[in-house]
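Residues per chain are reported as follows:
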Amino acid sequence: MSDTQDLLFELGCEELPPASLRKLSDALLKNIQQGLTHADLSFGESIAYATPRRLAVLIKDLVSSQADKRIEKRGPALQAAFNAEGEPSKASLGFAKSCGTTVEQLSTVKTDKGEWLSFTQKVKGQASDALIPEIISKSISQLPIAKRMRWGSSNIEFVRPVHWAVLLYGQDIINTEILGLSTSNTTYGHRFHAPEAITIDAPLRYESILLEQGKVIADFNQRMQLIRDAANSAASAVDGIAHIEEDLLEEIAALNEF
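Everything numeric in this text was worked out from a predicted model, so none of it was measured. (Residues numbered from 1 in each chain as written. Predicted model: local features only at pLDDT ≥ 70, side-chain atom pairs only at ≥ 80, totals over all residues. Heavy atoms only, no water.)

Counting 41 residues, the largest nonpolar core has Phe9 and Phe158 as the members making the most contacts within it. Among the secondary structure elements, those contributing two or more residues to this core are β1 (4-13), α1 (21-38), β3 (54-63), α4 (128-141), β7 (162-169), α6 (220-237) and α7 (246-253). Considering each element in turn, this core owes the most residues, seven residues, to α1. Beyond its immediate stretch of four places on either side in the chain, Phe9 contacts Leu28, Ile32, Leu55, Ala56, Val57, Ile136, Ile140, Val166, Leu167 and Ile178. Trp164, Leu168, Ile200 and Leu210 belong to the second-largest nonpolar core, a separate cluster that totals 15 residues. (Core = buried A, V, L, I, M, F, W, Y, C linked by side-chain atoms within 4.5 Å. Buried < 20%, exposed > 50% of the residue type's maximum accessible area, 1.4 Å probe, protein only. Helix = DSSP H or I, 4+ residues; strand = E, 2+ residues; numbered from the N terminus. Contact = heavy atoms within 4.5 Å.)

This is the structure:
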């Protein structure tokens, strides 16, 4: 049984378009989930975070590697595998060569349609940290971005210029390059209230560290609720009722980090 750790990915950006922030966040989470599933990597609860300056995904209880597999390849029918003298035919020789073995090492499998030459191979599962960089990169490339931009002298494209990338599996950094950035465990807080570098020491502490050290509320829904409560409170103070339009509330939550 493979052990598990939590995975954290965060991409730090220039201010993202508020109208599309929620859509980008949801798509990034979905793409990463699909990528992990396609790679046969099981995981637990998944959470998306989004602020104007960051998109992040937390995947809990991600297995450390794929399970080992037994792959069976079926070759030519037994009656076509040998000639009248019992010597291997071209078909069986070709099949054995394609499997990297000899005809003598092949086995036979019997079905209701006859007997066939077969080859069973044990394939060791790859480590998750070796597969994750490609999954993340592909997930980013598939985001629904209507118009990508380039910046500086690079040909890298994204919806806005990117400045940092966090990629942690457990407490370990997965060292790779994402959109031209070297991954680390360093994020940054609110642009004005706490712009200094901040170390994320564990994926599960991401949200609390950003709040305590960075003056950033990473959870989109939490920011929406705080703004809703503040509007209702202000209205109540003057015996009024706050008229809150959901799309406007969402846009305001997409414009602030704290």
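Considering the arrangement of structural elements, one finds Ser89 in the loop between α2 (78-81) and α3 (90-98). Non-local contacts of Ser89, meaning those with residues more than four positions away in its chain, are made with Ala80, Ala81 and Phe82.

Between its first and last C-alpha, α4 extends 20 Å over 14 residues, near the 20 Å set by a 1.5 Å rise per residue. Looking at α4, one finds that the buried residues are Ser128, Leu131, Ile132, Pro133, Ile135, Ile136, Ser139 and Ile140. As for α4, its buried residues are in contact with β1, α1, β3, β7 and β9 (177-178). (Expected span 1.5 Å × (residues − 1).)

What follows deals with helix α5 (residues 206-214). Because the α-helix completes a turn every 3.6 residues, residues three or four places apart line up on one side. By the burial criterion, the buried members of α5 are Tyr206, Ile209, Leu210 and Gly214. For α5, the angular spread of buried residues about the axis comes to 100 degrees, placing them on one side. At its buried positions, α5 is contacted by β1, β2 (46-51), β3, β11 (186-188) and β12 (197-199). Positive backbone phi, at 50 degrees, marks Lys215, one or two positions downstream of α5. (Arc of directions from axis to C-beta.)

Turning our attention to the pairing of β3. Most of β3 sits out of view: eight of its 10 residues are buried. As paired elements, β1 and β3 share eight bridges and run antiparallel to each other. Paired with Phe9 across the bridge in β3 is Val57. Summarising the sheet, β2 and β3 pair through six bridges and their orientation is antiparallel. Looking at the pairing, Ser46 lines up with Ile59 of β3. Where β2 folds back onto β3 in an antiparallel hairpin, the turn is made up of two residues. (Pairing = 2+ DSSP bridges.)

Here the phi dihedral of Asp40 falls at roughly 60 degrees; this positive angle occurs in a residue that is not glycine. Relative to the assigned elements, Asp40 resides in the loop between α1 and β2. For Asp40, a relative accessible area of 41% gives the class partly exposed. If you check the backbone angles, Leu179 has positive phi at about 50 degrees while not being a glycine. With respect to the secondary-structure elements, Leu179 resides in the loop between β9 and β10 (181-182). Take Leu179: its relative accessible area is 21%, and that puts it in the partly exposed class.

Before going further, it helps to examine the packing of α1 against α4. Two quantities define a packed helix pair, namely the angle between the helix axes and the distance between the axes. Where α1 contacts α4, the axes come no closer than 9 Å and their chain directions differ by 140 degrees. Between α1 and α4, the angle falls in the class oblique. The element α1 and its partner α4 pack so that their crossing is right-handed. Note on element contacts: α4 touches α1 through Ile135, Ile136, Ser139 and Ile140, opposite Leu28, Asn31, Ile32, Gly35 and Leu36. For the contact of α1 with α4, a count of residues per class yields six nonpolar, three polar and no charged. (Axes fitted to C-alpha atoms, helices over the stretch in contact; angles between N-to-C directions. Parallel < 35°, antiparallel > 145°, perpendicular 65-115°, else oblique. Left-handed = near helix turned anticlockwise from the far one by under 90°. Nonpolar A, V, L, I, M, F, W, Y, C, P; charged D, E, K, R; others polar.)

Tallying each qualifying case throughout the model produces two aromatic pairs. Plain terms: the ring middles of Tyr49 and Tyr206 are 5.3 Å apart, the flat faces sit at 55 degrees to each other, and that makes the pair tilted. Of this pair, Tyr49 sits in strand β2 while Tyr206 is found in helix α5, placing the two residues 157 residues apart along the sequence. For the pair Tyr49 and Tyr206, a shared accessibility class is recorded, and that class is buried. (Phe/Tyr/Trp six-rings, centres within 6.5 Å; stacked < 30°, edge-to-face > 60°.)

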